[in-house]
Amino acid sequence: MNSALIRSIVCELSYAVTLTVKEDLAQARERANHRAYSRFLAGWGVEVATDLTVSENSTVNPTGLWEPVSPLSPVFTLGGGISGGAVATNENNFNVFYPIAALYKPTLFQRNSMERPCRDPSGNKEGSPLVDIDLKILPLLESRIQIVKLGLASDPNSVALIKDEKNVLTQTVSIKETVSGDITPSWKFTTGTVNPSGNLFSTGRERTHQIVFTFGPLAKGGGALTPLAQAFHINQQLKAGLRGTRITP
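Residues numbered from 1 in each chain as written. Predicted model: local features only at pLDDT ≥ 70, side-chain atom pairs only at ≥ 80, totals over all residues. Heavy atoms only, no water.

Caption draft 1: Molecular detail of the pairing of strand E8 (residues 201-217). In terms of residue burial, E8 counts as a mostly covered element, since 12 of its 17 residues are buried. In the sheet, strand E1 (residues 44-60) pairs with E8 via 17 bridges, with the strands oriented antiparallel. Bridge pairing in E8 places valine 54 opposite arginine 207. In the sheet, strand E5 (residues 169-183) pairs with E8 via 15 bridges, with the strands oriented antiparallel. Following the sheet pairing, threonine 170 is matched in E8 by threonine 214. (Buried < 20%, exposed > 50% of the residue type's maximum accessible area, 1.4 Å probe, protein only. Helix = DSSP H or I, 4+ residues; strand = E, 2+ residues; numbered from the N terminus. Pairing = 2+ DSSP bridges.)

Here it is as structure tokens:
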């Protein structure tokens, strides 16, 4: 499941980057100034941090009830039971970096199409909501280009960056899936009942995944994001880790 999720994340990134750039280039040919507002992405990268957590639990709780044969309505009965449980948690974390140029695959994705051939060539689905979820990366990139078009922000490559200017895009996605089940057989005898109430055996699995995406300019050499973008990335991971706790980030 984790490998399928990681493959889907990379595919979704490539899909979003490619369609964002191809759509902007197509519109540039129709603009009076023929300007491509997405060109700054060639000097950007994206860092992805994931926290993949799977928790499994199981409980056994057999019970019994003893009643004497006579009288018909016995005054004394004896009940008892025993229970046991186990919880196992598996946590995997990884942090990867991709230059935007490495994610741009114009031959793999077509405009006005939602198909993602890199996800799974047969049916274009992995079959799990954890993997097939829309990570909303495409609207995130389009929003940055849109505000440049409207003149609400400068093209990051058109002017010298002002000190502490926040040319960073971040997105945090939380995914949760819970599966549970139980079985309660019961046996009735002349003098008693085995497992008259409660669950004899129950089990469950919970997957909780958090993914942090940070887009920003490449540092010198192109092997990482700028220090400002890196700081944003770490800050978003801290906020994601504290989400759901009593500490408010």
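Caption draft 2: Broad picture of the environment of leucine 41. Here leucine 41 lies in the loop between helix H1 (2-28) and E1. Leucine 41 gets classed as buried once you look at its relative accessible area, which sits at 3%.

Caption draft 3: Fine view of the sheet that holds E8. Taken in spatial order, the four strands of this open sheet run E4-E1-E8-E5, and their pairing is antiparallel. On the outer flanks of this sheet lie strand E4 (84-99) and E5, each paired with one strand and no other. Going across the sheet, the axis of each strand differs from the next one's by a mean of 10°, ignoring polarity. (Axes fitted to C-alpha atoms, helices over the stretch in contact; angles between N-to-C directions.)

Caption draft 4: Local environment of the pattern of salt bridges. Using the criterion set out here, one finds three salt bridges in the structure. Between aspartate 24 and arginine 31 there is a salt bridge whose closest N-O contact spans 2.9 Å. On the accessibility criterion, aspartate 24 (2% relative accessible area) is buried. With its nearest N and O atoms 2.0 Å apart, the salt bridge here joins arginine 205 to glutamate 56. Placement of arginine 205 in strand E8 and of glutamate 56 in strand E1 is noted, with a sequence separation of 149 residues between them. (Salt bridge = Lys/Arg side-chain N within 4 Å of Asp/Glu carboxyl O.)

Caption draft 5: Local environment of the confidence of the model for the chain. A residue-level look at the chain finds 74% of positions with pLDDT of 70 or above and a mean pLDDT of 76. Per-element mean pLDDT across the chain ranges from 64 in helix H3 (residues 129-132) up to 90 in helix H2 (residues 100-103). Under a pLDDT of 50 for its full length, residues 161-165 has, in the predicted model, three contacts with residues more than four places off or in other chains. A low-confidence stretch, residues 245-249 (pLDDT under 50), is modelled with three contacts involving residues beyond four sequence positions or located in other chains. (pLDDT = per-residue confidence, 0-100. Contact = heavy atoms within 4.5 Å.)

Caption draft 6: Focus on the packing of aromatic side chains. Scanning the model with the defined rule gives two aromatic pairs in all. With centroids separated by 5.6 Å and ring planes inclined at 75°, the aromatic side chains of tyrosine 15 and phenylalanine 109 adopt a geometry described as edge-to-face. In this pair, tyrosine 15 is assigned in helix H1 and phenylalanine 109 in the loop between H2 and H3, connecting sequence segments 94 residues apart. For the pair shown, tyrosine 15 and phenylalanine 109 are each scored as buried. (Phe/Tyr/Trp six-rings, centres within 6.5 Å; stacked < 30°, edge-to-face > 60°.)

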